[in-house]
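Results of the structural survey
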Amino acid sequence: MILHERMIFCLSGTPDRGAKRLREEDGGAAGEEENSRGGKQIKALAARELARYREAEGGAEAEELTGDRKIMLDKLMDQDEEEPEAEPVDESSVKKMILTFEKRSYKNQELRIKFPDNPEKFMESELDLNDIIQEMHVIATMPDLYHLLVELNAVHSLLGLLGHENTDVAIAVVDLLQELTDIDTLHESEEGAEVLIDALLEGQVVALLVQNMERLDEQVKEEADGIHNTLAIIENMAEFRPGLCTEAAQQGLMQWLLKRIKAKMPFDANKLYCSEILAILLQNNDTTRELLGEMDGIDVLLQQLSVFKRHNPNTAEEQEMMENLFDALCSCLMLSSNRDRFLKGEGLQLMNLMLREKKMSRTSALKVLDHAMIGPEGADNCHKFVDILGLRTIFPLFMKTPKKMKKTGTSEKEHEEHVCSVIASMLRNLKSQQRTRLQNKFTENDCEKVDRLMELYFKYLEAVQQADKRIEGEKHEMVRRGEILDDSMEDEFYLRRLDAGLFVLQLLCYIMVEISNSGISQLHQRVHQILNVRGGSIKIVRHIMREYIESIGDGKSEEFKEAERKRIMELVDNF
């Protein structure tokens, strides 16, 4: 019977400085634990290994330890007392280290093939292999020597060990790779980093990491840490080279993340990290968004988020995970095929419920609605939203901005922008009876919603005009100093205007011209009456709308842009 060996590994002197986040279980003692790893862990693991060995052999045979076994355990117990003197790290010492690693790896492999049913024969070689892997952590302090790992084939050998029969060896390799790919280290030597990342990707590192995670048992702390460090490797590489997200997702990572996120396990640091990696994979990437959709990922996200419709997250970490899942959902909805999956998966009903329940999830649910309904691809979702009585949910949020938004870190402007965007999308997309229901909402209670619309219009108009005044002053100063106003400067000024609320102002003006052209004279009159009373100008509204028309339809076809511009220009001319 083959012994499942959890090796007694000496882990001294390898602080986990690459880890992106401390795992929750480690708490504040993480630092102390690192320092005493060498001594305490050897003794504890030696005892555990012996117990496992006996259990595996299941009888008296294992009770009698052979002389060799005793010697080996004694050696392990003493190992922490033998502190070798640190060698200076230079090219020759790294070459020597890599050579030792290759020899030990080969020896271990040879002994395992020769004595597959006799762990005693290969156990010492496995410990030696682990020791050299621990020593190699020092290479992470010299990223300009990373090329040696590639030239001497060590990267290939390390990747091979991710499939080692003993998961502890694989986890030791994960720890090493995690430290080698630490993002700060990678930026210390771009050249060394490029060489290492190229070699890892060429060796299908993500596929191998995923295969290793598949077999790890998170009930065992070391293996749960191994998964956490694996995710850190992926995060490091994705941050250094964002282009690898597509490849990573396709090499089984997307599937594994979705499976782990929906696993019926208590919330922990690994689930949080999975949500973070998922959101990273989906950022600005239609290929990964499509992949998630094909894997029924929209349903997985909706199921996981449904927990928060009536309950707030219990901790700040759980809240962070909730936000990551909402971000992932918003990313996915940028792709029109996922809008359909969202509709069929009853995503609108869930978001509508969250808006009514007034829990922390409300803010993000509003953002998701905005993403689901915007543009011509949002037409089906707009009609369905009216059918499920969504107008009764969205208009109270339009009439009064909730006070309790500080907790979720959302500003008043963000809230008002999303609400106005949802209403503008419905005015753009709704047809027939649903359109009439929306327009009639503006006539209720003596046109109170038009009053609120105009109140918001003047609020944002003032904010944007103040920003424009400041920008004009700065431009005047720059010209006076003889500085050139280049495109990047103009872009920066435009972003500042958006920050001041220009986009919300454009949405408000769009709603104004839409309802004024609805054929309901009451609405047209009320808009113009308030403009006159407050000294507003139709000219200004037209000017804002012309600027809005210029920015329409990024990424859309030319025909769409042209038709949409023409449609809005007609509304503006009739205003």
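The rules behind these values
Residues numbered from 1 in each chain as written. Predicted model: local features only at pLDDT ≥ 70, side-chain atom pairs only at ≥ 80, totals over all residues. Heavy atoms only, no water. Helix = DSSP H or I, 4+ residues; strand = E, 2+ residues; numbered from the N terminus. Buried < 20%, exposed > 50% of the residue type's maximum accessible area, 1.4 Å probe, protein only. Contact = heavy atoms within 4.5 Å. Areas by Shrake-Rupley, 256 points an atom, 1.4 Å probe, with all protein chains shown as cover. Core = buried A, V, L, I, M, F, W, Y, C linked by side-chain atoms within 4.5 Å. Domains from an automatic or database assignment. Disulfide = S-S within 2.5 Å.

This brings us to the overall build of the chain. Each helix and strand counted, the chain has 30 helices and zero strands in total. Evaluated residue by residue, the chain yields a buried proportion of 52% over its 575 residues. Taking the intrachain contacts of the chain between residues at least 6 apart in sequence as the baseline, contacts between residues at least 24 apart amount to 78%. Carbon and sulfur atoms make up 50% of the accessible area of the chain, which totals about 27100 Å².

Once that is clear, we can look at helix H11 (residues 205-215). Among the residues making up H11, those that are buried are Val205, Val206, Ala207, Leu209, Val210, Asn212 and Met213. Considering only its buried residues, H11 is in contact with helix H7 (154-161), helix H8 (167-180), helix H10 (190-202), helix H12 (221-240) and helix H13 (245-262).

Burial of nonpolar side chains together is a common tendency in soluble globular proteins. One finds Met351, Met426 and Tyr457 to be the most contacted residues of the largest nonpolar core, which totals 152 residues. With 11 residues, the top contributor of residues to this core is helix H27 (residues 502-516). The residue makeup of this core includes at least three contributed by each of domain 1 (346-443) and domain 2 (448-574).

This part covers the state of the cysteines. A full pass over the atoms with the stated rule returns zero disulfides. Residue cysteine 332 stays outside any disulfide, its sulfur separated by 9.3 Å from that of cysteine 330, the closest cysteine. When its relative accessible area of 0% is taken as the criterion, cysteine 332 is described as buried.

Here we take up the environment of isoleucine 133. Tracing the sequence through the fold places isoleucine 133 in helix H5 (residues 119-135). The class for isoleucine 133 is buried, based on a relative accessible area of 0%. Taking the C-alpha atoms as reference points, isoleucine 133 and threonine 100, separated by 33 residues in sequence, lie 9.9 Å from one another. Setting aside anything within four residues of it in sequence, one finds isoleucine 133 in contact with Phe101, Leu161, Val169, Ala172, Val173 and Leu176.

Geometry only, nothing functional implied.
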